[in-house]
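A structural walkthrough
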Amino acid sequence: MKVAQETELQGYADLHADRLIEILRDLVRLPSVNNAPVGNEWACQQYVASFLRNIGWNAVQYLPTDAPGILEHPMYWRGREYEKRPNVAAVRKGSGGGRSLILSGHVDTVPVGEGDWKYPPFAAEREGNRIYGRGAVDMKCGVATNLFVAEALAETGVRLAGDLTIETVVDEEFGGVNGTLAGRLMGYTADAAVISEPSFLRICAAQRGGRTVDILFRAPNGGILSGESAGVAEQLRIFLGEVGRLEKARLEGVRVHPMYAHLANPVPVTIARIHTAAWGTSEPPNTPTICRVQLFWQAMPGETVEAIDREFLAWFDGMVNAHPEAFQVKPELEYPIRWLPGSAIDPREPIVRELSDAAVSTLGTTPLVQGIEGPCDMYVFHEFGIPAVLWGARGANLHQADEYVEIDSIVDAAKALLTFIPRWCGEGVKP
(Lines give C-alpha, C1' and ligand atoms only; values in the text may rest on other atoms or scores of the structure.)
Protein backbone atom coordinates (compact mmCIF):
# COMPACT_ATOMS: atom_id res chain seq x y z
CA MET A 1 0.00 0.00 0.00
CA LYS A 2 1.18 3.50 -0.73
CA VAL A 3 2.80 5.31 2.21
CA ALA A 4 0.43 8.24 1.74
CA GLN A 5 -2.58 5.96 2.11
CA GLU A 6 -1.18 4.37 5.27
CA THR A 7 -0.57 7.82 6.69
CA GLU A 8 -4.15 8.79 5.86
CA LEU A 9 -5.55 5.73 7.65
CA GLN A 10 -3.39 6.32 10.73
CA GLY A 11 -4.51 9.92 10.79
CA TYR A 12 -8.12 8.81 10.52
CA ALA A 13 -7.70 6.52 13.54
CA ASP A 14 -6.16 9.27 15.64
CA LEU A 15 -8.74 11.85 14.59
CA HIS A 16 -11.70 9.52 15.17
CA ALA A 17 -10.53 7.68 18.30
CA ASP A 18 -13.57 8.94 20.17
CA ARG A 19 -15.75 7.26 17.54
CA LEU A 20 -14.09 3.93 18.31
CA ILE A 21 -14.79 4.42 22.02
CA GLU A 22 -18.38 5.38 21.22
CA ILE A 23 -18.90 2.10 19.34
CA LEU A 24 -17.41 0.13 22.22
CA ARG A 25 -19.61 1.84 24.79
CA ASP A 26 -22.68 1.22 22.64
CA LEU A 27 -21.86 -2.50 22.59
CA VAL A 28 -21.18 -2.77 26.32
CA ARG A 29 -24.51 -1.07 27.06
CA LEU A 30 -26.28 -3.87 25.18
CA PRO A 31 -26.20 -6.89 27.51
CA SER A 32 -25.41 -10.07 25.58
CA VAL A 33 -24.92 -12.55 28.37
CA ASN A 34 -24.45 -16.23 27.59
CA ASN A 35 -26.38 -18.31 30.11
CA ALA A 36 -25.67 -21.59 28.37
CA PRO A 37 -27.59 -23.34 26.97
CA VAL A 38 -29.42 -20.07 26.14
CA GLY A 39 -28.10 -16.60 25.41
CA ASN A 40 -29.11 -12.98 25.01
CA GLU A 41 -27.12 -11.78 22.00
CA TRP A 42 -30.07 -10.56 19.91
CA ALA A 43 -29.91 -6.80 20.55
CA CYS A 44 -26.15 -6.70 20.19
CA GLN A 45 -26.28 -8.53 16.86
CA GLN A 46 -28.98 -6.16 15.58
CA TYR A 47 -26.64 -3.28 16.38
CA VAL A 48 -23.77 -4.93 14.49
CA ALA A 49 -25.91 -5.73 11.44
CA SER A 50 -27.37 -2.21 11.32
CA PHE A 51 -23.94 -0.65 11.71
CA LEU A 52 -22.53 -2.59 8.77
CA ARG A 53 -25.54 -1.90 6.58
CA ASN A 54 -25.33 1.80 7.32
CA ILE A 55 -21.80 1.93 5.91
CA GLY A 56 -22.76 0.01 2.79
CA TRP A 57 -21.99 -3.59 3.71
CA ASN A 58 -24.50 -6.37 2.99
CA ALA A 59 -24.82 -7.88 6.45
CA VAL A 60 -26.39 -11.35 6.62
CA GLN A 61 -27.92 -12.80 9.77
CA TYR A 62 -28.38 -16.53 10.25
CA LEU A 63 -28.84 -18.94 13.13
CA PRO A 64 -25.97 -21.35 13.79
CA THR A 65 -28.38 -24.22 13.19
CA ASP A 66 -29.03 -22.86 9.66
CA ALA A 67 -25.51 -23.87 8.62
CA PRO A 68 -25.57 -26.86 6.25
CA GLY A 69 -24.68 -30.11 7.99
CA ILE A 70 -23.92 -28.57 11.36
CA LEU A 71 -26.13 -30.89 13.40
CA GLU A 72 -24.24 -33.90 12.05
CA HIS A 73 -20.81 -32.32 12.25
CA PRO A 74 -18.47 -34.00 14.77
CA MET A 75 -17.45 -30.62 16.20
CA TYR A 76 -21.04 -29.59 16.96
CA TRP A 77 -21.84 -29.43 20.70
CA ARG A 78 -25.41 -30.51 21.35
CA GLY A 79 -27.75 -29.12 23.94
CA ARG A 80 -27.44 -25.42 23.06
CA GLU A 81 -30.46 -23.36 22.00
CA TYR A 82 -30.28 -20.71 19.27
CA GLU A 83 -33.67 -19.03 19.03
CA LYS A 84 -33.02 -15.29 18.45
CA ARG A 85 -29.26 -15.85 18.59
CA PRO A 86 -28.07 -15.04 15.06
CA ASN A 87 -24.56 -14.78 13.73
CA VAL A 88 -23.77 -11.76 11.57
CA ALA A 89 -21.49 -11.88 8.52
CA ALA A 90 -20.71 -9.30 5.85
CA VAL A 91 -18.33 -9.54 2.92
CA ARG A 92 -16.75 -6.58 1.16
CA LYS A 93 -15.80 -7.97 -2.23
CA GLY A 94 -12.39 -7.01 -3.52
CA SER A 95 -11.61 -5.90 -7.04
CA GLY A 96 -9.73 -9.14 -7.64
CA GLY A 97 -6.24 -10.60 -7.38
CA GLY A 98 -5.69 -10.10 -3.65
CA ARG A 99 -5.73 -12.33 -0.60
CA SER A 100 -8.89 -12.65 1.46
CA LEU A 101 -9.22 -12.05 5.19
CA ILE A 102 -11.77 -12.60 7.97
CA LEU A 103 -12.05 -10.35 11.02
CA SER A 104 -13.95 -12.39 13.60
CA GLY A 105 -15.26 -11.79 17.09
CA HIS A 106 -17.85 -13.10 19.52
CA VAL A 107 -20.51 -10.86 21.03
CA ASP A 108 -21.59 -13.06 23.94
CA THR A 109 -20.20 -12.43 27.42
CA VAL A 110 -20.08 -14.36 30.65
CA PRO A 111 -22.71 -13.43 33.28
CA VAL A 112 -22.22 -10.54 35.68
CA GLY A 113 -21.72 -12.97 38.57
CA GLU A 114 -21.87 -12.30 42.30
CA GLY A 115 -18.74 -10.15 42.46
CA ASP A 116 -18.79 -6.69 44.01
CA TRP A 117 -18.92 -4.26 41.08
CA LYS A 118 -17.80 -0.70 41.72
CA TYR A 119 -18.75 0.26 38.17
CA PRO A 120 -22.18 -0.82 36.86
CA PRO A 121 -21.58 -3.76 34.51
CA PHE A 122 -23.59 -2.35 31.60
CA ALA A 123 -22.97 1.39 31.99
CA ALA A 124 -19.68 1.44 30.03
CA GLU A 125 -18.27 4.05 32.38
CA ARG A 126 -15.07 5.78 31.34
CA GLU A 127 -12.43 6.65 33.89
CA GLY A 128 -9.01 7.77 32.78
CA ASN A 129 -7.65 5.32 30.21
CA ARG A 130 -10.27 2.67 30.96
CA ILE A 131 -13.76 1.64 29.88
CA TYR A 132 -15.47 -0.56 32.47
CA GLY A 133 -18.20 -3.12 31.92
CA ARG A 134 -19.03 -6.72 31.29
CA GLY A 135 -17.52 -7.64 27.94
CA ALA A 136 -15.46 -4.43 27.73
CA VAL A 137 -12.30 -6.43 27.11
CA ASP A 138 -13.72 -9.91 26.43
CA MET A 139 -14.39 -9.10 23.72
CA LYS A 140 -16.58 -6.18 22.71
CA CYS A 141 -13.45 -4.08 22.35
CA GLY A 142 -12.46 -6.43 19.52
CA VAL A 143 -15.86 -6.26 17.88
CA ALA A 144 -15.79 -2.45 18.17
CA THR A 145 -12.32 -2.41 16.59
CA ASN A 146 -13.51 -4.44 13.62
CA LEU A 147 -16.55 -2.22 13.06
CA PHE A 148 -14.40 0.89 13.34
CA VAL A 149 -11.96 -0.53 10.79
CA ALA A 150 -14.84 -1.21 8.38
CA GLU A 151 -16.08 2.34 8.81
CA ALA A 152 -12.60 3.80 8.36
CA LEU A 153 -12.09 1.93 5.08
CA ALA A 154 -15.46 3.15 3.85
CA GLU A 155 -14.92 6.75 4.92
CA THR A 156 -11.44 6.99 3.39
CA GLY A 157 -12.48 5.27 0.18
CA VAL A 158 -9.77 2.60 0.40
CA ARG A 159 -10.33 -0.19 -2.11
CA LEU A 160 -9.06 -3.72 -1.54
CA ALA A 161 -8.08 -6.34 -4.08
CA GLY A 162 -9.00 -9.28 -1.84
CA ASP A 163 -12.30 -9.94 -0.07
CA LEU A 164 -12.68 -8.75 3.51
CA THR A 165 -15.23 -10.50 5.75
CA ILE A 166 -16.38 -9.21 9.11
CA GLU A 167 -18.30 -11.61 11.32
CA THR A 168 -19.69 -11.62 14.83
CA VAL A 169 -20.65 -14.95 16.32
CA VAL A 170 -22.76 -16.05 19.25
CA ASP A 171 -22.15 -18.69 21.92
CA GLU A 172 -18.37 -18.67 22.29
CA GLU A 173 -18.31 -18.61 26.08
CA PHE A 174 -18.72 -21.80 28.12
CA GLY A 175 -17.04 -23.80 25.37
CA GLY A 176 -19.73 -22.98 22.83
CA VAL A 177 -17.95 -22.40 19.49
CA ASN A 178 -20.97 -23.67 17.54
CA GLY A 179 -21.34 -20.14 16.20
CA THR A 180 -17.78 -20.15 14.90
CA LEU A 181 -18.25 -23.59 13.38
CA ALA A 182 -21.43 -22.36 11.67
CA GLY A 183 -19.55 -19.51 10.02
CA ARG A 184 -17.20 -21.93 8.33
CA LEU A 185 -20.00 -24.26 7.24
CA MET A 186 -21.89 -21.29 5.79
CA GLY A 187 -18.95 -20.78 3.47
CA TYR A 188 -17.25 -17.83 5.13
CA THR A 189 -13.65 -18.83 4.56
CA ALA A 190 -10.51 -16.90 3.64
CA ASP A 191 -6.76 -17.05 3.19
CA ALA A 192 -6.35 -16.01 6.82
CA ALA A 193 -8.27 -14.74 9.84
CA VAL A 194 -7.67 -12.32 12.68
CA ILE A 195 -9.78 -12.96 15.77
CA SER A 196 -9.93 -9.78 17.81
CA GLU A 197 -9.66 -11.34 21.26
CA PRO A 198 -7.80 -9.28 23.89
CA SER A 199 -4.29 -10.52 23.19
CA PHE A 200 -2.70 -7.56 24.99
CA LEU A 201 -1.20 -6.37 21.70
CA ARG A 202 0.59 -9.67 21.19
CA ILE A 203 0.12 -11.80 18.12
CA CYS A 204 -1.20 -15.03 19.57
CA ALA A 205 -0.77 -17.85 17.09
CA ALA A 206 -1.66 -20.58 19.58
CA GLN A 207 -4.31 -21.36 22.16
CA ARG A 208 -4.20 -23.72 25.08
CA GLY A 209 -6.71 -26.52 25.34
CA GLY A 210 -9.04 -26.98 28.27
CA ARG A 211 -10.88 -29.81 30.01
CA THR A 212 -13.60 -29.30 32.62
CA VAL A 213 -15.04 -31.99 34.88
CA ASP A 214 -17.71 -31.76 37.56
CA ILE A 215 -17.12 -34.17 40.45
CA LEU A 216 -19.91 -35.18 42.79
CA PHE A 217 -18.70 -36.52 46.14
CA ARG A 218 -21.19 -38.41 48.30
CA ALA A 219 -20.89 -39.82 51.81
CA PRO A 220 -23.28 -41.42 54.32
CA ASN A 221 -24.17 -39.35 57.37
CA GLY A 222 -26.15 -40.36 60.39
CA GLY A 223 -26.70 -36.82 61.61
CA ILE A 224 -24.63 -34.20 63.33
CA LEU A 225 -24.65 -36.06 66.70
CA SER A 226 -24.03 -39.54 65.36
CA GLY A 227 -20.27 -39.24 65.47
CA GLU A 228 -20.08 -41.89 62.78
CA SER A 229 -19.15 -39.83 59.72
CA ALA A 230 -17.47 -36.62 58.70
CA GLY A 231 -19.64 -36.52 55.60
CA VAL A 232 -17.72 -35.55 52.50
CA ALA A 233 -15.20 -33.42 54.38
CA GLU A 234 -12.64 -36.22 54.46
CA GLN A 235 -13.11 -36.90 50.75
CA LEU A 236 -12.63 -33.24 49.98
CA ARG A 237 -9.52 -33.06 52.18
CA ILE A 238 -7.95 -35.99 50.33
CA PHE A 239 -8.92 -34.59 46.93
CA LEU A 240 -7.49 -31.14 47.62
CA GLY A 241 -4.27 -32.70 48.82
CA GLU A 242 -3.93 -34.79 45.66
CA VAL A 243 -4.64 -32.08 43.07
CA GLY A 244 -1.07 -30.88 43.34
CA ARG A 245 0.12 -34.36 42.38
CA LEU A 246 -1.96 -34.22 39.19
CA GLU A 247 -0.51 -30.84 38.31
CA LYS A 248 3.03 -32.07 39.00
CA ALA A 249 2.49 -35.10 36.77
CA ARG A 250 1.19 -32.83 34.02
CA LEU A 251 4.22 -30.56 34.28
CA GLU A 252 6.67 -33.45 34.23
CA GLY A 253 5.02 -35.36 31.41
CA VAL A 254 3.79 -32.76 28.94
CA ARG A 255 5.69 -31.58 25.89
CA VAL A 256 5.60 -27.80 26.20
CA HIS A 257 4.80 -25.98 22.97
CA PRO A 258 7.41 -23.31 22.09
CA MET A 259 4.81 -20.54 22.27
CA TYR A 260 4.27 -21.39 25.96
CA ALA A 261 7.91 -21.87 26.94
CA HIS A 262 7.89 -18.49 28.71
CA LEU A 263 5.32 -19.63 31.28
CA ALA A 264 6.35 -21.07 34.65
CA ASN A 265 3.35 -23.38 34.50
CA PRO A 266 2.12 -24.00 30.95
CA VAL A 267 -0.51 -26.56 32.02
CA PRO A 268 -2.19 -25.27 35.19
CA VAL A 269 -4.80 -27.27 37.09
CA THR A 270 -7.48 -25.13 38.70
CA ILE A 271 -10.28 -25.78 41.16
CA ALA A 272 -13.00 -23.58 39.74
CA ARG A 273 -15.83 -24.22 42.20
CA ILE A 274 -16.59 -26.00 45.47
CA HIS A 275 -20.16 -26.28 46.71
CA THR A 276 -21.88 -28.20 49.50
CA ALA A 277 -25.04 -26.52 50.77
CA ALA A 278 -26.53 -23.05 51.10
CA TRP A 279 -24.89 -20.78 53.64
CA GLY A 280 -26.89 -19.58 56.63
CA THR A 281 -30.00 -20.77 58.38
CA SER A 282 -31.91 -21.94 55.32
CA GLU A 283 -30.18 -25.31 55.82
CA PRO A 284 -30.00 -27.26 59.10
CA PRO A 285 -26.51 -27.38 60.64
CA ASN A 286 -24.94 -30.67 59.68
CA THR A 287 -21.90 -32.29 58.17
CA PRO A 288 -22.39 -32.23 54.40
CA THR A 289 -23.23 -35.46 52.59
CA ILE A 290 -22.79 -34.04 49.10
CA CYS A 291 -20.09 -31.81 47.66
CA ARG A 292 -19.69 -30.65 44.07
CA VAL A 293 -16.30 -29.65 42.77
CA GLN A 294 -15.44 -28.32 39.32
CA LEU A 295 -11.92 -29.00 38.12
CA PHE A 296 -10.43 -27.27 35.09
CA TRP A 297 -7.05 -28.02 33.59
CA GLN A 298 -5.31 -26.81 30.49
CA ALA A 299 -3.48 -28.61 27.73
CA MET A 300 -0.83 -27.96 25.12
CA PRO A 301 -1.46 -27.93 21.37
CA GLY A 302 -1.16 -31.50 20.17
CA GLU A 303 -2.60 -33.18 23.25
CA THR A 304 -5.66 -35.32 22.57
CA VAL A 305 -8.77 -35.65 24.67
CA GLU A 306 -8.22 -39.41 24.86
CA ALA A 307 -4.77 -38.93 26.42
CA ILE A 308 -6.03 -36.14 28.69
CA ASP A 309 -8.91 -38.25 30.02
CA ARG A 310 -6.73 -41.35 30.41
CA GLU A 311 -4.23 -39.42 32.52
CA PHE A 312 -6.96 -37.84 34.64
CA LEU A 313 -8.85 -41.06 35.26
CA ALA A 314 -5.68 -42.93 36.23
CA TRP A 315 -4.95 -40.24 38.81
CA PHE A 316 -8.54 -40.00 40.04
CA ASP A 317 -9.15 -43.75 40.30
CA GLY A 318 -5.80 -44.17 42.03
CA MET A 319 -6.80 -41.58 44.63
CA VAL A 320 -10.20 -43.16 45.27
CA ASN A 321 -8.83 -46.71 45.42
CA ALA A 322 -6.10 -45.68 47.85
CA HIS A 323 -8.69 -44.45 50.38
CA PRO A 324 -11.57 -46.97 50.38
CA GLU A 325 -12.63 -46.02 53.93
CA ALA A 326 -13.25 -42.41 52.85
CA PHE A 327 -14.74 -43.13 49.43
CA GLN A 328 -17.43 -45.61 50.40
CA VAL A 329 -19.54 -44.13 47.61
CA LYS A 330 -17.65 -43.73 44.33
CA PRO A 331 -17.66 -40.11 43.16
CA GLU A 332 -19.56 -39.32 39.97
CA LEU A 333 -17.94 -37.52 37.03
CA GLU A 334 -19.64 -35.32 34.45
CA TYR A 335 -18.14 -33.25 31.66
CA PRO A 336 -20.36 -30.12 31.43
CA ILE A 337 -18.76 -28.53 28.37
CA ARG A 338 -16.92 -29.76 25.32
CA TRP A 339 -13.25 -30.59 25.24
CA LEU A 340 -11.48 -27.55 23.83
CA PRO A 341 -8.31 -28.66 22.06
CA GLY A 342 -5.14 -26.64 21.99
CA SER A 343 -4.12 -25.45 18.57
CA ALA A 344 -1.31 -23.52 16.90
CA ILE A 345 0.03 -22.40 13.56
CA ASP A 346 3.65 -21.99 12.55
CA PRO A 347 4.94 -18.53 13.57
CA ARG A 348 6.50 -18.33 10.10
CA GLU A 349 3.04 -18.21 8.51
CA PRO A 350 2.54 -15.06 6.40
CA ILE A 351 -0.34 -13.89 8.62
CA VAL A 352 2.01 -13.79 11.62
CA ARG A 353 4.96 -12.17 9.87
CA GLU A 354 2.93 -9.58 7.98
CA LEU A 355 0.74 -8.57 10.91
CA SER A 356 3.92 -8.18 12.97
CA ASP A 357 5.46 -5.97 10.27
CA ALA A 358 2.33 -3.82 10.19
CA ALA A 359 2.38 -3.44 13.97
CA VAL A 360 6.04 -2.45 13.92
CA SER A 361 5.55 0.20 11.26
CA THR A 362 2.45 1.53 13.00
CA LEU A 363 3.29 1.30 16.69
CA GLY A 364 7.09 1.35 16.57
CA THR A 365 7.55 -1.83 18.61
CA THR A 366 7.72 -5.51 17.69
CA PRO A 367 4.79 -7.44 19.18
CA LEU A 368 5.47 -10.67 21.04
CA VAL A 369 4.38 -13.83 19.26
CA GLN A 370 3.04 -16.14 21.95
CA GLY A 371 0.17 -18.44 22.81
CA ILE A 372 -2.95 -17.07 24.49
CA GLU A 373 -3.33 -18.23 28.06
CA GLY A 374 -6.71 -19.93 27.70
CA PRO A 375 -8.93 -21.82 25.29
CA CYS A 376 -11.02 -20.02 22.67
CA ASP A 377 -12.61 -20.63 19.26
CA MET A 378 -9.46 -20.12 17.16
CA TYR A 379 -8.95 -23.87 16.79
CA VAL A 380 -12.06 -24.06 14.61
CA PHE A 381 -10.37 -21.89 11.97
CA HIS A 382 -7.27 -24.06 12.15
CA GLU A 383 -9.36 -27.21 11.72
CA PHE A 384 -10.75 -25.73 8.50
CA GLY A 385 -7.27 -24.96 7.21
CA ILE A 386 -7.50 -21.19 7.78
CA PRO A 387 -4.36 -19.69 9.37
CA ALA A 388 -5.70 -17.60 12.24
CA VAL A 389 -4.21 -15.48 14.99
CA LEU A 390 -5.50 -13.42 17.88
CA TRP A 391 -4.85 -9.68 17.95
CA GLY A 392 -6.44 -7.20 20.30
CA ALA A 393 -6.31 -4.77 23.18
CA ARG A 394 -5.16 -4.86 26.80
CA GLY A 395 -7.37 -4.96 29.87
CA ALA A 396 -8.03 -6.78 33.10
CA ASN A 397 -10.62 -8.57 35.23
CA LEU A 398 -11.78 -10.85 32.43
CA HIS A 399 -14.75 -12.89 33.75
CA GLN A 400 -14.59 -10.90 37.01
CA ALA A 401 -16.16 -7.80 38.52
CA ASP A 402 -15.06 -4.43 37.14
CA GLU A 403 -13.80 -5.81 33.85
CA TYR A 404 -12.10 -3.08 31.86
CA VAL A 405 -10.18 -2.35 28.67
CA GLU A 406 -7.41 0.19 28.20
CA ILE A 407 -8.46 2.83 25.69
CA ASP A 408 -5.05 3.54 24.17
CA SER A 409 -4.59 -0.16 23.41
CA ILE A 410 -7.88 -0.32 21.48
CA VAL A 411 -6.72 2.56 19.30
CA ASP A 412 -3.34 0.87 18.79
CA ALA A 413 -5.00 -2.41 17.83
CA ALA A 414 -7.20 -0.62 15.28
CA LYS A 415 -4.30 1.34 13.80
CA ALA A 416 -2.27 -1.82 13.28
CA LEU A 417 -5.20 -3.48 11.52
CA LEU A 418 -5.71 -0.46 9.30
CA THR A 419 -2.12 -0.78 8.17
CA PHE A 420 -2.24 -4.57 7.85
CA ILE A 421 -5.50 -5.11 5.98
CA PRO A 422 -4.67 -3.17 2.77
CA ARG A 423 -1.21 -4.74 2.75
CA TRP A 424 -2.67 -8.23 3.11
CA CYS A 425 -5.64 -7.89 0.78
CA GLY A 426 -3.78 -5.71 -1.69
CA GLU A 427 -4.69 -2.29 -3.00
CA GLY A 428 -7.71 -2.55 -5.25
CA VAL A 429 -8.59 -0.61 -8.33
CA LYS A 430 -10.90 2.30 -7.59
CA PRO A 431 -13.99 2.49 -9.80
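The paragraphs below set out a description of the structure included in this document. (Residues numbered from 1 in each chain as written. Predicted model: local features only at pLDDT ≥ 70, side-chain atom pairs only at ≥ 80, totals over all residues. Heavy atoms only, no water.)

Thoughts on the pairing of strand β10 (residues 203-207)
Two faces belong to every sheet, and in a regular strand the side chains alternate between them. For clarity, the cut-off: Remark: exposure states derive from per-residue accessible area (1.4 Å probe, protein chains only) relative to the maximum for the residue type, with buried under 20%, exposed over 50%, and partly exposed in between. Helix and strand definitions follow DSSP, with helices as H or I runs of at least four residues and strands as E runs of at least two, each counted in order from the N terminus. Paired strands, as defined in this entry, are two strands with at least two bridges between them according to DSSP.
With five of its five residues buried, β10 lies for the most part within the structure. Across four bridges, β10 lies against strand β16 (residues 369-372) in parallel orientation. In the strand pairing of β16, Ile-203 is matched with Val-369.

A short note on the sheet that holds strand β18 (residues 395-396)
Whether parallel or antiparallel, the strands of a sheet pair through hydrogen bonds between backbone atoms. Threshold: Contacts are assigned to residue pairs with any non-hydrogen atoms lying within 4.5 Å of each other. The axes are straight lines fitted to the C-alpha atoms, using for helices just the contacting stretch, and the angles between their N-to-C directions are given from 0 to 180°.
Strand order across the open sheet formed by four strands is β6-β7-β19-β18, with antiparallel pairing between neighbours. Looking at the sheet topology across the chains shown, the edges are occupied by β6 (126-127) and β18. Pairing geometry for β18 and strand β19 (residues 404-406), over two bridges, is antiparallel. From the neighbouring strand, Gly-395 faces β19, where its bridge partner is Val-405. Across the sheet, helix α4 (residues 136-156) lies against β7 (130-132), β18 and β19, angled at about 50° from β19, the strand it touches most.

Comments concerning the packing of aromatic side chains
For clarity, the cut-off: Only Phe, Tyr and Trp rings take part, Trp by its six-membered ring, and two of them pair if their centres are within 6.5 Å. Stacked means planes under 30 degrees apart, edge-to-face means over 60, and tilted covers everything else.
A complete count under the given rule lists 13 aromatic pairs for this structure. For the ring pair Phe-217 and Phe-327, a centre distance of 6.2 Å and an interplane angle of 45° mean the geometry is tilted. In this pair, Phe-217 sits in strand β11 (residues 209-218) while Phe-327 sits in the loop between α7 (305-322) and β14 (332-334), placing the two residues 110 residues apart along the sequence. When its relative accessible area of 0% is taken as the criterion, Phe-217 is described as buried. Taking relative accessible area as the criterion, Phe-327 reaches 6% and is therefore assigned buried.

Here we look at the nonpolar core
The tendency in soluble globular proteins is for nonpolar side chains to be buried as a group. Put simply, the rule is: Definition used in this section: a nonpolar core is a set of buried Ala, Val, Leu, Ile, Met, Phe, Trp, Tyr and Cys residues joined via side-chain atoms within 4.5 Å.
Of all hydrophobic cores here, the largest spans 101 residues; its most connected members are Leu-52, Leu-101, Ile-351, Trp-391 and Ile-421. With twelve residues, the single largest contributor to this core is helix α10 (residues 407-425). Setting aside anything within four residues of it in sequence, one finds Leu-101 in contact with Asp-163, Leu-164, Thr-165, Ala-190, Ala-192, Ala-193, Val-194, Ile-351, Phe-420, Ile-421, Trp-424 and Cys-425. Residues Phe-217, Val-269, Trp-315 and Phe-327 belong to the second largest nonpolar core, which totals 26 residues.

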